[in-house]
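Descriptive analysis of the structure
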Amino acid sequence: MDFPKTETFPGAGSSLEAINTFVTEAAQAIGLDEDAIFGVQLAVEEACDNIIEHAYAGASKGDIECSCDIVTDGLKIVLRDSGRPFDPESVPKPDLDSPLEERDIGGLGLHFIKNLMDEVRFEFFPGSGNVLTMVKRKTPAG
Amino acid sequence: MEYTTKRLKHCDLIQVSGRIDSQTSQELEKVFEAIIEEARFKIVVDMSDVEFISSAGLRLLINAQKTCKRLDRGEVVLANVPKRIYSAFDLAGFVPLFRIEKDVVEAVGSF
């Protein structure tokens, strides 16, 4: 597989499985282990859900461009959309320990992304949109 | 995602396979609703063939758990949870909110 590898998908829930396959193939080609691949799959899924639900909420539909590239010790994934700005600071902190009846389920997606990836950077460029850059490093051997 | 449901004497069993994501969780939500609408609140979910779950799927399960546990009338019990699916539950802080049994026989027998 040649890197970088870029593909564009419609920003809709029906693309989730294809995006998942695309990043999984890249992660396998780079040699991430199964646990790391699972982390990548989940983080990318949550990021795409965010784009579809928030950046493209309402009338402004658009695409999700996904790029995968090799970095020194792992995989870099860049997701671009042309939707509304996403501010990660505006997302509530996840509630991870209150009892069932009080459990608030907001903020889990961002919590997953931050915990599963080694580097996460959100940027917004007026006129073009959001760029989310994530890096997953290989687990050191031994 | 695919699913089958089975009505047992003391509970209902849902066997789910494939991906539980923001798309398919809407379909799975209707499956839970159909059971709950019949005032049946003891539900076992066999997760053995679940390949992937996102926070949207977790959200669906926690909502079903809240509904079923209300007034102590029942509970959602999970069986055969694959390792990676369990790690998503763990990351969400959901492990203490569900009884997780090693297989369907134990889960069904617990009601």
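Please read these numbers as outputs of a predicted model, since none were measured by experiment. (Residues numbered from 1 in each chain as written. Chains lettered and ligands numbered in written order. Predicted model: local features only at pLDDT ≥ 70, side-chain atom pairs only at ≥ 80, totals over all residues. Heavy atoms only, no water.)

Chain B puts 24 residues into the contact, and the matching count from chain A is 25 residues. The tally of links from chain B across to chain A stands at 3 salt bridges. A salt bridge links Arg84 of chain B to Asp35 of chain A; the shortest N-O distance between them is 3.0 Å. Taken together, the elements giving at least two residues each to the side of chain B that touches chain A come down to strand E3 (42–53), helix H2 (55–69) and helix H3 (83–91) of chain B. With 8 residues, H2 of chain B is the single largest residue contributor to the side of chain B that touches chain A. Of the residues belonging to the side of chain B that touches chain A, the class tally is 9 nonpolar, 8 polar and 7 charged. (Contact = heavy atoms within 4.5 Å. Salt bridge = Lys/Arg side-chain N within 4 Å of Asp/Glu carboxyl O. Helix = DSSP H or I, 4+ residues; strand = E, 2+ residues; numbered from the N terminus. Nonpolar A, V, L, I, M, F, W, Y, C, P; charged D, E, K, R; others polar.)

For the rest of this paragraph, the subject is the side chain of Asp81 of chain A. All names here are of chain A. Inspection of the secondary structure assignment puts Asp81 in strand E3 (residues 74–81). Among buried charged residues, Asp81 stands out as having no salt bridge; its nearest opposite-charge side chain is Arg84, 9.1 Å away. In this structure the side chain of Asp81 is engaged in a polar contact, spanning 2.8 Å, whose partner is the backbone nitrogen of Gly83. (Buried < 20%, exposed > 50% of the residue type's maximum accessible area, 1.4 Å probe, protein only. Lys, Arg positive; Asp, Glu negative; His and termini not counted. Polar contact = N/O pair within 3.5 Å; in protein donor to acceptor, adjacent residues only side chain to side chain.)

Residue and element names in this part refer to chain A. The strand order E1-E2-E3-E5-E4 describes an open sheet built from 5 strands, whose pairing is antiparallel. Each edge of the sheet is formed by a strand with only one pairing partner; in this case those strands are strand E1 (5–10) and strand E4 (119–125). Neighbour to neighbour, the strand axes of the sheet diverge by 15° on average, direction disregarded. In this sheet, strand E5 (residues 129–137) lies alongside E4 in antiparallel orientation, the contact comprising 7 bridges. Following the sheet pairing, Glu123 is matched in E5 by Val131. (Pairing = 2+ DSSP bridges. Axes fitted to C-alpha atoms, helices over the stretch in contact; angles between N-to-C directions.)

What follows deals with the pairing of strand E1 (residues 2–7) of chain B. Residue and element names in this part refer to chain B. Bridge analysis of E1 against strand E2 (residues 12–20) gives 6 bridges, and the strand direction is antiparallel. In the sheet register, Tyr3 faces E2, and the bridge partner there is Val16. Where E1 hands over to E2, the hairpin turn is made up of 4 residues, counted between the paired strands.

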